[in-house]
Amino acid sequence: MRILVAGGAGFLGSHLCGRLLSEGHEVICLDNLHTGSTQNLRSFIDQPRFQMMQADVGEPLPGLRVDRIYNLACPASPQHYQSDPIATMKTNVFGAINLLDLAVKCGARILQASTSEVYGEPLVHPQPEDYRGNVSITGIRACYDEGKRAAETLFYDYHRMHGVDIRVARIFNTYGPGMRADDGRVVSNFVVQALKGEPLTIYGDGSQTRSFCYRDDLVLGLLALMETPEAEATPINLGNPGEFTVRELAELVLELTGSASRLDFLPLPQDDPTQRRPDISLAQSVLKWQPRIALRDGLLPTIRYFDACLSGLAQPV
């Protein structure tokens, strides 16, 4: 097939592009390179079945003919999406509209990379897909949380009005080689700080929980969601249901790196959720998918990757 990956030069998008190429597809990567990088594409950028298109998904798209569309176009770390919240909202809303219009013209199937942030500060734990969330519309995270919720709404309206074959993935915390060292997410923060011998910064008392899914597991989940007929128009959680406190993650990173860094506790940011864990029953029953890689096993290659980055060596993604 001919497949468009919007946000394809980012952490997850680049691994998705590589996987699709390995399966024999033609892949078009569309990215404005705001947070993505062509370095993430270096292992396959010269392949004849791959095309890099530097463009902003929020602007009118060139005429394309594709069979599948993956929309991963949006900064995913708080540090980056909060740096220009208006641009974040525009990317989510205008990007969804432009890609959905393309899907209408091509008759393409389209997948929206949504987020666990649509659940906000959850009052239900773990979070199932039918939970409607508890989201602040005025806080500093709203540009991302509400932007993703608006994008989901657009997907379902295009499905109802135009019959577009849609897929919606609600992605929980994902990590692995290829993350940016400066992206501000907790795994990259802790690993880089530990390798540098700097204090590990924990916001709040570290009792807030997260669930961490290794990138390879997540990409397989996206592929299964896109190609499973029974998954049409059904939001599906993709993530690892293993739940860890932030402090437990910090202590595990210190153990695996052998770092003597101390823990520094800082004030909790506004609207930072205290619990996050996916209910993946639907993914297991509909997609026959569940993550296979435990946190400890996924952290080891992630640590090696960042160690290579900090040493100026080739980056094994």
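Our subject in this report is the structure included herewith. (Residues numbered from 1 in each chain as written. Predicted model: local features only at pLDDT ≥ 70, side-chain atom pairs only at ≥ 80, totals over all residues. Heavy atoms only, no water.)

### Let's talk about the overall build of the protein chain
No. 1: When helices and strands are tallied, the protein chain shows nine helices and 13 strands.
No. 2: The C-alpha radius of gyration computed for the protein chain amounts to 19 Å, which stays within 12% of the reference 20 Å derived for 317 residues, consistent with globular compactness.
No. 3: By principal-axis analysis of the C-alpha atoms, the protein chain measures approximately 55 × 45 × 40 Å.
No. 4: Put simply, 81% of the contacts in the protein chain that link residues at least 6 apart link residues at least 24 apart.
No. 5: Carbon and sulfur atoms make up 50% of the accessible area of the protein chain, which totals about 13300 Å².
No. 6: The distance from the centre of the 29 positive side-chain charges to the centre of the 37 negative ones in the protein chain is 3 Å. (Helix = DSSP H or I, 4+ residues; strand = E, 2+ residues; numbered from the N terminus. Rg over C-alpha atoms; globule rule 2.2 N^0.38 Å. Contact = heavy atoms within 4.5 Å. Areas by Shrake-Rupley, 256 points an atom, 1.4 Å probe, with all protein chains shown as cover. Lys, Arg positive; Asp, Glu negative; His and termini not counted. Charge placed at Lys NZ, Arg CZ, Asp CG, Glu CD.)

### A few points about the packing of aromatic side chains
No. 1: Across all of its chains, the model carries six aromatic pairs by this definition.
No. 2: Ring centres of Phe 44 and Phe 50 lie 5.1 Å apart, and the angle between their planes is 75°; on these two criteria the pair is classed as edge-to-face.
No. 3: We classify Phe 44 as buried; its relative accessible area is 7%.
No. 4: Residue Phe 50 is classed as buried on the basis of its relative accessible area, which comes to 8%.
No. 5: Ring pairing ties together the aromatic residues Tyr 119, Tyr 131 and Phe 172, which thus form one cluster. (Phe/Tyr/Trp six-rings, centres within 6.5 Å; stacked < 30°, edge-to-face > 60°. Buried < 20%, exposed > 50% of the residue type's maximum accessible area, 1.4 Å probe, protein only.)

### Focus: the layout of surface pockets
No. 1: Estimates place the volume of the second largest pocket at around 220 Å³.
No. 2: Lining the second largest pocket, in full, are Val 118, Tyr 119, Glu 129, Asp 130, Tyr 131, Arg 132, Arg 149, Glu 152, Thr 153, Tyr 156 and Arg 170.
No. 3: Ranked by residues supplied to the lining of the second largest pocket, first place goes to helix α4 (residues 142-162) with four residues.
No. 4: Partitioned by chemical class, the residues of the lining of the second largest pocket number four nonpolar, one polar and six charged. (1 Å grid on protein atoms, 1.4 Å probe; cavity = no way out; pocket = protein on both sides within 12 Å on 5 of 7 lines; lining within 4 Å. Points joined across faces, edges and corners; volume = space filled by probe spheres on them. Nonpolar A, V, L, I, M, F, W, Y, C, P; charged D, E, K, R; others polar.)

### Remarks on the packing of helix α7 (residues 246-257) against helix α9 (residues 295-311)
No. 1: Viewed as axis vectors pointing N to C, α7 and α9 meet at an angle of 55°, and their least axial separation amounts to 11 Å. As summarised for this structure, α7 and α9 are arranged oblique, according to the angle between their axes. The two elements α7 and α9 cross, and the hand of that crossing is right-handed. Here Leu 249, Leu 252, Val 253, Glu 255, Leu 256 and Thr 257 of α7 lie close against α9, whose contacting residues are Leu 295, Arg 296, Leu 299, Leu 300 and Ile 303. (Axes fitted to C-alpha atoms, helices over the stretch in contact; angles between N-to-C directions. Parallel < 35°, antiparallel > 145°, perpendicular 65-115°, else oblique. Left-handed = near helix turned anticlockwise from the far one by under 90°.)

### Some remarks on the sheet that holds strand β4 (residues 68-71)
No. 1: The sheet built from seven strands is open, its strands ordered β3-β2-β1-β4-β5-β6-β11 with parallel pairing. The sheet is open, and its two borders are formed by β3 (50-54) and β11 (235-238), each paired with just one other strand. Neighbour to neighbour, the strand axes of the sheet diverge by 20° on average, direction disregarded.
No. 2: Of the strands in this sheet, β1 (2-6), β4, β5 (109-115) and β6 (166-171) are in contact with helix α3 (residues 85-106), which crosses β4 at around 170°.
No. 3: Relative to β6, helix α6 (residues 215-227) is tilted by about 155°, and along the sheet it contacts β4, β5, β6 and β11. (Pairing = 2+ DSSP bridges.)

### Some remarks on the side chain of Thr 115
No. 1: Its place among the elements puts Thr 115 in strand β5.
No. 2: Under the relative-accessibility criterion, Thr 115 is labelled buried at 4%.
No. 3: Within the local environment of Thr 115, its side chain forms a polar contact with the backbone nitrogen of Glu 117, the two atoms lying 3.0 Å apart.
No. 4: Contacts of Thr 115, omitting those with residues within four sequence positions, involve Tyr 144, Lys 148, Ala 169, Arg 170 and Ile 171. (Polar contact = N/O pair within 3.5 Å; in protein donor to acceptor, adjacent residues only side chain to side chain.)

### Describing the pattern of salt bridges
No. 1: One pass over the structure, following the stated rule, counts 19 salt bridges.
No. 2: We note a salt bridge from Glu 227 to Arg 68, for which the minimum N-O separation is 3.0 Å. One end of the pair, Glu 227, is in helix α6; the other, Arg 68, is in strand β4, with 159 residues separating them in the sequence.
No. 3: Looking at Glu 227, the relative accessible area reads 37%, which means it is partly exposed.
No. 4: For the salt bridge of Arg 141 with Asp 272, the shortest nitrogen-to-oxygen distance reads 3.4 Å. Linking Arg 141 in the loop between β5 and α4 with Asp 272 in the loop between β13 (263-266) and α8 (281-287), this pair joins segments that are 131 residues apart in sequence.
No. 5: In this structure Asp 272 comes out as buried when scored by relative accessible area, which is 16%.
No. 6: It is possible to trace a salt-bridge network through shared partners that takes in Arg 68, Arg 109, Asp 165, Arg 167 and Glu 227. (Salt bridge = Lys/Arg side-chain N within 4 Å of Asp/Glu carboxyl O.)

### Considerations on unusual backbone geometry
No. 1: The omega angle of the peptide bond from His 125 to Pro 126 is -5°, so this bond is cis rather than trans.
No. 2: Following the sequence through the fold, Pro 126 ends up in the loop between β5 and α4.
No. 3: Even without a glycine there, the phi angle at Ala 233 is positive, about 60°.
No. 4: With respect to the helices, strands and loops of the structure, Ala 233 is situated in the loop between α6 and β11.
No. 5: Under the relative-accessibility criterion, Ala 233 is labelled partly exposed at 23%.

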